[in-house]
Amino acid sequence: MSDDPETLPYKSAEPDEAAAPPHTFEDLGRKLDAMPQVQSAQRLLEEARAELTKAQAHYAQIRADAAAQMRSVRSGNVGDVVESTLQYVRRHPGQGVIGSVLIGFLLGRILRR
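(A) Up close: the overall build of the chain. Each helix and strand counted, the chain has four helices and zero strands in total. When the helices and strands of the chain are read in sequence order from the N terminus, they spell out α-α-α-α. About 10800 Å² of surface is accessible on the chain, with carbon and sulfur atoms providing 62% of the total.

(B) Region of the structure containing the pattern of salt bridges. On inspection of all chains with the given rule, the structure shows one salt bridge. Across the pair lysine 54 and glutamate 51 runs a salt bridge, and its minimum N-O distance is 3.6 Å. With lysine 54 and glutamate 51 both in helix H2 (residues 36–75), this residue pair falls three residues apart, about one helical turn. We classify lysine 54 as exposed; its relative accessible area is 54%. Since its relative accessible area comes to 48%, glutamate 51 is described here as partly exposed.

(C) Geometry of the packing of helix H3 (residues 78–91) against helix H4 (residues 93–112). Two numbers describe how H3 lies on H4: the axes approach to 5 Å, and their chain directions differ by 120°. Our classification of the angle between H3 and H4 gives oblique. Touching Tyr88, Val89, Arg90 and Arg91 of H3 are Pro93, Gln95 and Gly96, all from H4. For the contact of H3 with H4, the class distribution of residues is three nonpolar, two polar and two charged.

(D) Up close: the environment of valine 73. With respect to the helices, strands and loops of the structure, valine 73 is situated in helix H2. What makes valine 73 partly exposed here is its relative accessible area of 44%. Separated by 11 residues in the primary sequence, valine 73 and serine 84 have C-alpha atoms spaced 9.5 Å apart.

How each quantity is defined
- Residues numbered from 1 in each chain as written.
- Predicted model: local features only at pLDDT ≥ 70, side-chain atom pairs only at ≥ 80, totals over all residues.
- Heavy atoms only, no water.
- Helix = DSSP H or I, 4+ residues; strand = E, 2+ residues; numbered from the N terminus.
- Areas by Shrake-Rupley, 256 points an atom, 1.4 Å probe, with all protein chains shown as cover.
- Salt bridge = Lys/Arg side-chain N within 4 Å of Asp/Glu carboxyl O.
- Buried < 20%, exposed > 50% of the residue type's maximum accessible area, 1.4 Å probe, protein only.
- Axes fitted to C-alpha atoms, helices over the stretch in contact; angles between N-to-C directions.
- Parallel < 35°, antiparallel > 145°, perpendicular 65-115°, else oblique.
- Contact = heavy atoms within 4.5 Å.
- Nonpolar A, V, L, I, M, F, W, Y, C, P; charged D, E, K, R; others polar.

See the structure below:
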């Protein structure tokens, strides 16, 4: 192929006839906003944002509580940890039994090797 301007494909500087005028896109946007499906999607998106905000606040609270518990465990001695564990088991006996079974299983697997 040569770089001769005479043989290069000619591109017209005039606007394409198939291109829509800019006001058509604005009209289309208004029509889309008026559609019930779009309104429903917008409402659902707003509800999802509200739920996400609630979830983020809940996560921040749980994280702060866990950090406070970790600080108390680190600053406490073994007796404090044992005492808090016993209090937990007294309040939640079912979870205490399940936890002890899991700990026993893990210790059995580790010590069996």
